[in-house]
Amino acid sequence: MEIGNWKLEIGNWKLEIGNWKLEKLIFIQIILSTFFWTCSALAQDNWETYGYAKYLFSSTENDLLSKNTLTDHQIHLRLNNRWYATENLTAGLELRLRGFYGGLVENQFLTEQTVVTNYPYTNLGSVFRDKKSSLAYGQIDRLFLDYNFGDWQFTLGRQRIAWGTSFVWNITDLFNPQSILDFDYEEKPGSDAVRIQYFTDVDGRLELVIKPSPDRYERSAALLWLFNNWDYDFYLIGAWQYDRPVLAAAFAGDIRGAGFRGEFKMSDKISRSQLGSTFIPFINTNYSDSNVKSISAVISIDYTFASSLYLNSEILYNSIGKTKNTGIYAPQAIKAGLLSPAHISLFFETAYDLHPLLRGDIFVLFNPDDESMIVAPSLSWSVITNLDLYLIGFIADGDLLSEFGSFGKALFLRTKFSF
C-alpha cells in the first residue's frame, strides 16, 4: 500500500517514509521498550527504566579520507530496562538508537560495518537509514535472564561479560576486550552467551561461559577461577577460542598505595584461514607465518595523589606482533584476538581535578618500533545534575603504514543527559 511517500508492506513488516525505513526488528524494539516503560510506570517496585541521550560533534582531518576537514553529528539514545520478577529472577533489555550525519559517513569505507555490532545468530537490530551522508540504526545489545540462588548465579542471553584487570589493554577479557579509543560506548557490546557463576567466598568465584556460533572461529568456552591471596586478586583462565586452546592469568593489587595489575595470555599458532588478508592484499605475510605460540602480556601501574593528580602507565607485549608496516595488520590483529598489531605498545596518562566539577586528562599511545603515536587531551565537566560535557582530541603522528600514522587528527565535543 502506498500513500504519497508512505509505503507499507505487511508481509515483510516494513514501513517506508520517504527514505526512512522501519523494519521488523525496529518494531520489536519499540514494542518491547514501550512494554517495559509501561510496566515501569504501573509497578515502580518491580521495574526500572533509565538511560541517557547524547549529542556528539566531531571535526576530523584525515588526508586518506578527504583533503577537506570533515564535520559530523551523532545523536544517541539509550534505554535500559530491568524487570525484577522475583527476589531471584531479573530480566534485562537495553537498546541503543543512533543517527549519524556528515563527512565521515560519506567518505569512510564501510561505515555501517564499522559502527553496527554484528552477532552470530541475530543482530536484533536494523539499519533504517543508509544514505550518502547519513546513517541511522537501532539495536538491542542486552537481552538476558538472570537467576541467582544461594552461591549460584545463572545468566542466559545477550550480556556484558567483563574480565581482566588492566585499564587499557585487558587481554584476558576474552569476550569483549575494550579499546580506549572507543570512548563513546561505555557499556561495550554484549555477548550472546550462557554464564554460570559459583561464588566460593566473598572474594572468589568459579565462572563458566559458553558463547556459541555457527562459525567455529567465533565460538568460545572459558572457565575462570578468581581467588584472593596476599591482598591480591588472582584470575586463572582456561578457554577454547578462535578454534584453539587459550591459557590466561591476571592479578590486581597494590604496592605502597599504587595500583599494580598484570595480565598474561598464551594460545596456539593462528590459522591463516581465520585471519584473511591485510589492508593491502598483495602483502602476503601475516600472523600465521609464525610457527610459535602467540603470547601477550600486560603490566600496569597507577597512583592517585592526595591533590587528585592521577598517573597511569601500561606496557603491552605481543610475541607475534609486527615491528614494521604495523598499521596494515590491524584487521588481522582483531581476528587473532590481539588488542594491538604491534610488538610493543606503551601507554601513559595523567589527570587532575581542575575544579570539583572539571577534570583534565591527557594520555599517549606510543609504538616504540615504528615511532607512531596518538596524543589525546580531554576535559570533562559536570555542568549540572545529570548533564555532562566532554571534550577530547586525537592527534596522531607517524609514517603512513605505521600503527597510528593514518589516524589523522580529530576533535570531539559531547553533551550527555542521563535520566
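Look above for the structure.
All figures in this text were calculated on a predicted structure; none of them were measured in a lab.

Quick notes on the rules
Residues numbered from 1 in each chain as written. Predicted model: local features only at pLDDT ≥ 70, side-chain atom pairs only at ≥ 80, totals over all residues. Heavy atoms only, no water. 1 Å grid on protein atoms, 1.4 Å probe; cavity = no way out; pocket = protein on both sides within 12 Å on 5 of 7 lines; lining within 4 Å. Points joined across faces, edges and corners; volume = space filled by probe spheres on them. Helix = DSSP H or I, 4+ residues; strand = E, 2+ residues; numbered from the N terminus. Nonpolar A, V, L, I, M, F, W, Y, C, P; charged D, E, K, R; others polar. Core = buried A, V, L, I, M, F, W, Y, C linked by side-chain atoms within 4.5 Å. Buried < 20%, exposed > 50% of the residue type's maximum accessible area, 1.4 Å probe, protein only. Contact = heavy atoms within 4.5 Å. Pairing = 2+ DSSP bridges. Polar contact = N/O pair within 3.5 Å; in protein donor to acceptor, adjacent residues only side chain to side chain. Patch = residues over 30% accessible without salt bridge, like charges linked within 9 Å, V, L, I, M, F, W, Y side chains within 5 Å. Areas by Shrake-Rupley, 256 points an atom, 1.4 Å probe, with all protein chains shown as cover. Salt bridge = Lys/Arg side-chain N within 4 Å of Asp/Glu carboxyl O. Phe/Tyr/Trp six-rings, centres within 6.5 Å; stacked < 30°, edge-to-face > 60°. Lys NZ or Arg CZ within 6 Å of the ring centre and 35° of its normal.

By volume, the second largest pocket amounts to about 610 Å³. I180, F183, E349, D361 and Y390 are, among the 27 residues lining the second largest pocket, the residues nearest its centre. Among the secondary structure elements, those contributing two or more residues to the lining of the second largest pocket are β18 (310–318), β19 (344–355), β20 (358–367), β21 (372–384), β22 (387–397) and β23 (409–418). Here the lining of the second largest pocket is composed, by residue class, of 13 nonpolar, 5 polar and 9 charged.

Moving on, we get to the nonpolar core. Counting residues in each nonpolar core, the largest one holds 19 residues, and the members touching the most others are W169, F183, L365, I392, F394 and F412. No other element matches the 4 residues that β22 contributes to this core. Look past the residues within four positions of F183 in its chain and what remains in contact with it is L56, Y390, I392, F394, F412 and R414. With 15 residues, the next largest nonpolar core counts F175, A193, A222 and I237 among its residues.

A word on the pairing of strand β9 (residues 134–149). With 13 bridges connecting them, strand β7 (residues 89–102) and β9 associate as antiparallel partners. Each bridged residue has a counterpart across the sheet, and for R98 the counterpart in β9 is Y137. Sheet analysis places strand β8 (residues 125–130) next to β9, joined by 5 bridges and oriented antiparallel. Along β9, the bridge assignment pairs R129 with A136. As consecutive antiparallel partners, β8 and β9 are separated by 3 residues. One ladder, built from 7 bridges, connects β9 with strand β10 (residues 152–159); its direction is antiparallel. Looking at β10, one finds that L143 is bridged to R158.

By the element assignment, D201 lies in strand β11 (residues 191–201). Polar side-chain contacts of D201 include one of 2.8 Å to the backbone nitrogen of D203. A polar atom in the side chain of D201 sits 2.7 Å from the backbone nitrogen of G204.

Now for the environment of P214. By the element assignment, P214 lies in the loop between β12 (204–211) and β13 (220–229). Note on P214: relative accessible area 53%, which makes it exposed. Note: C-alpha distance between P214 and Y121 (93 residues apart in sequence) is 7.7 Å. With residues near it in sequence (within four places) discarded, P214 still touches P120, Y121 and R219.

What follows covers the side chain of D192. Tracing the chain through its elements places D192 in strand β11. Note on D192: relative accessible area 16%, which makes it buried. Of note is the side chain of D192, whose polar atom sits 2.6 Å from the side chain of R158.

Taken together, the side chains of Y352, L354, L379, L391, L411 and L413 define a hydrophobic patch exposed on the protein surface, amounting to about 510 Å² of accessible area. Elements with a minimum of two residues in the nonpolar patch: β19 and β23. Inspection of the secondary structure puts Y352 in strand β19. For Y352, a relative accessible area of 36% corresponds to the partly exposed category.

Time to look at the packing of aromatic side chains. Per the counting criterion, the structure on display carries 18 aromatic pairs. Summarising the aromatic geometry, the rings of F183 and F412 are spaced 5.2 Å apart at their centres and angled 70° between planes, so their arrangement reads as edge-to-face. With F183 in the loop between β10 and β11 and F412 in strand β23, this pair connects stretches of sequence that are 229 residues apart. Both residues of the pair, F183 and F412, count as buried. Between W230 and F234, the aromatic rings sit 6.0 Å apart at their centres with planes inclined by 90°, giving edge-to-face as the arrangement. Here the aromatic cluster, defined as three or more aromatic residues joined through ring pairs, consists of W225, F227, W230, Y232, F234, F251 and F260. Of note, R96 hangs over the ring of Y185, and the distance from its end group to the ring centre comes to 3.7 Å. Against the face of Y52 rests K416, its NZ or CZ located 4.5 Å from the ring centre.

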